[in-house]
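Structural features, examined
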Amino acid sequence: MNERELLIEGLERCAPDYPPQAVDNLLSFSERLREANLHMNLTAITEPNEIVTRHFLDCAVLAPMLPQGARVLDLGTGAGFPGVPLAVLTGAEFTLLDAQRKRVDFLNETLAALGIKNARAVHARAEEFAAENRESFDFVTSRAVAELNQLCELALPLLRMGGVFLAMKAADCEQETENALNAAKVLGSAPPEIIRLRPPFSEAERAVVRMEKIAPTPAAYPRRFAKIRSKPL
Ligand code: SAH
């Protein structure tokens, strides 16, 4: 199968409600990603079919969890994962946050070029962004950013009450989730729930750790990043 056939077949299986322009948008995104990657470090995955399976379809499994109009923050989006595929596939409103300016510039140029209106990229560290944007999001997503106990402190302050943190993790994330139980509780989350998914054309199972905010996050959090890292909750 070529990349287009692979993408269409995969989306039919895991995110069948995708809008008609999604396939062209994602293939254009792939092309821009590969081009920009020649002169900056965006992704280690460069083969077109692998971009479809290991980036797009890996992220697409979250699409059915994000309702129309939901405000979603993608924390540590990097080259736009999972935020860009999810913005293309859903009617949710995305803020793509990253601490690296070059990646944010690449994303804003790409969103404008592709005419993607329901996403914008913002350059900031999550723990600093939280000062101005506390309790502002219905969902926070993240993939490959940090250990879950540290991620909780970055993500939960940004969620409104009843909001949901979806942390994409490897299948064997039980111990990591166990280590984050205290952080989850202190920061206002219900006990984490591990959702197991199988992205199309993938050998490996994928886990999503789901945390629902059921109590306000105490004002002392998030702390500065050095503290979060040296003394995780
Ligand atoms: N989510 C992407 C990128 C993972 S690399 C993917 O799955 O492909 C991790 C990214 O998180 C980097 O781009 C880094 O700049 C960003 N990051 C790490 N800590 C951060 C923080 N505290 N605030 C904002 N971005 C952060």
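Right, let's walk through the structure included here. Since this is a predicted model, take the numbers as computed values, not measurements. By convention here, each chain's residues receive numbers from 1 onward along its written sequence. Side-chain atom pairs in this predicted model are given and counted only at pLDDT of 80 or more, local residue features only at pLDDT of at least 70, and totals for whole chains, interfaces and linings cover all residues. Only hydrogens and water are set aside; all other atoms, that is, all heavy atoms of the structure, feed into the side-chain values.

Bringing the overall build of the chain into the picture now. Secondary structure counts use DSSP, requiring at least four H or I residues in a row for a helix and at least two E residues in a row for a strand, with both numbered from the N terminus. Scanning the chain from terminus to terminus reveals ten helices and seven strands. We take the radius of gyration over the C-alpha atoms and set the globule estimate at 2.2 Å times the residue count to the 0.38 power. Its C-alpha atoms give the chain a radius of gyration of 17 Å, within 12% of the compact-globule value 17 Å for 233 residues. Along the three orthogonal principal directions, the C-alpha set of the chain runs to about 50 × 35 × 30 Å. For the chain, the proportion of its 233 residues judged to be buried stands at 56%. Here the term buried applies to any residue with accessible area under 20% of the maximum for its type, exposed to any over 50%, and partly exposed to those in between, with areas from a 1.4 Å probe on protein chains only.

The working definition used for a salt bridge is a side-chain nitrogen of Lys or Arg within 4 Å of a carboxyl oxygen of Asp or Glu. Under the defined criterion, the tally for this structure stands at 15 salt bridges. A salt bridge links Asp58 to Arg206; the shortest N-O distance between them is 2.7 Å. Of this pair, Asp58 sits in helix α3 (residues 48-60) while Arg206 sits in strand β7 (residues 206-212), and the two are 148 residues apart along the sequence. The pair formed by Asp58 and Arg206 is uniform in burial state, with each residue classed as buried.

Interhelical geometry of helix α1 (residues 3-14) versus helix α2 (residues 22-37) gives an angle of 130 degrees and a closest axis separation of 10 Å. Here α2 runs oblique to α1, going by the angle between their axes. Read as a crossing pair, α1 and α2 show a hand that is right-handed. In this structure, α1 uses Glu3, Arg4, Leu7, Ile8 and Leu11 to contact α2, whose residues at the interface are Val23, Asp24, Leu26, Leu27, Ser30 and Arg34. When residues are grouped by polarity, Ala, Val, Leu, Ile, Met, Phe, Trp, Tyr, Cys and Pro land in nonpolar, Asp, Glu, Lys and Arg in charged, and all others, Gly among them, in polar. Across the contact of α1 with α2, the residue classes break down as six nonpolar, one polar and four charged. As a rule, the C-alpha atoms of each element are fitted with a line to give its axis, helices using only the stretch in contact, and angles between N-to-C directions run from 0 to 180 degrees. For classification purposes, an angle smaller than 35 degrees is called roughly parallel, one larger than 145 roughly antiparallel, one from 65 to 115 roughly perpendicular, and anything else oblique. Here a crossing is called left-handed whenever its near helix is offset anticlockwise from the far helix by less than a right angle, and right-handed whenever the offset is clockwise. Whether two residues are in contact is decided by their heavy atoms, any of which lying within 4.5 Å being enough.

Moving on: the site of the ligand. Residues are counted as near a molecule or strand when any one of their heavy atoms sits within 4 Å of it. Near the ligand there are 16 residues, and of these Gly76, Phe81, Asp98, Arg103 and Arg143 occur at the shortest range. Within the contact set of the ligand, an oxygen atom lies 2.7 Å away from a side-chain nitrogen or oxygen of Arg103. Between a nitrogen atom of the ligand and a main-chain N or O atom of Ala126, the distance comes to 2.8 Å. Residue-level accessible areas treat just the shown protein chains as cover; the underlying method is Shrake-Rupley with a 1.4 Å probe. Protein chains shield 83% of the accessible area of the ligand, which is 570 Å² for the free molecule. The pocket occupied by the ligand, as judged from atoms lying within 2 Å of grid points, is the largest pocket. Two N or O atoms form a polar contact when they lie within 3.5 Å of each other; inside protein one atom must be a possible hydrogen donor and the other a possible acceptor, and for residues adjacent in sequence the pair counts only when both atoms belong to side chains. The method works on a 1 Å grid over the protein atoms by themselves. A cavity is a set of points holding a 1.4 Å probe that cannot get out, a pocket is an open set with protein on both sides within 12 Å along at least five of seven lines, and residues with an atom within 4 Å of a point line them. To decide whether a molecule occupies a pocket or cavity, check its atoms: if more than half lie within 2 Å of the grid points, it is inside.

Throughout, nonpolar core names a set of buried Ala, Val, Leu, Ile, Met, Phe, Trp, Tyr and Cys residues whose side chains join them through atoms within 4.5 Å. Counting residues in each nonpolar core, the largest one holds 53 residues, and the members touching the most others are Leu7, Leu11 and Phe94. Counting residues per element, this core draws most heavily on α2, which supplies seven residues. Ignoring any residue separated from it by four or fewer positions in sequence, one finds Phe94 in contact with Leu66, Val72, Gly83, Leu86, Ala87, Asn118, Ala119 and Arg120. In this structure, Ala124, Leu159, Ala207 and Met211 belong to the second largest nonpolar core, which totals 32 residues.

Let's shift gears to the environment of Asp105. Among the secondary structure elements, Asp105 is positioned in helix α5 (residues 101-114). Taking relative accessible area as the criterion, Asp105 reaches 33% and is therefore assigned partly exposed. Placed 17 residues apart in sequence, Asp105 and Val122 show a C-alpha to C-alpha distance of 8.7 Å.

On to the layout of surface pockets, then. Grid points are joined across faces, edges and corners, and a volume is the space filled by probe spheres set on the points. If you add up the space inside the largest pocket, you get close to 490 Å³. Put simply, the parts of the chain that give the lining of the largest pocket at least two residues each are β2 (93-98) and α6 (126-132). A breakdown of the residues in the lining of the largest pocket according to their chemical character gives 15 nonpolar, six polar and five charged. For the second largest pocket, the calculated volume is near 240 Å³. Every residue lining the second largest pocket is counted, 13 residues in all, and those nearest its centre are Thr53, Arg54, Asp58, Ser202 and Arg206. The class makeup of the residues in the lining of the second largest pocket is six nonpolar, two polar and five charged.

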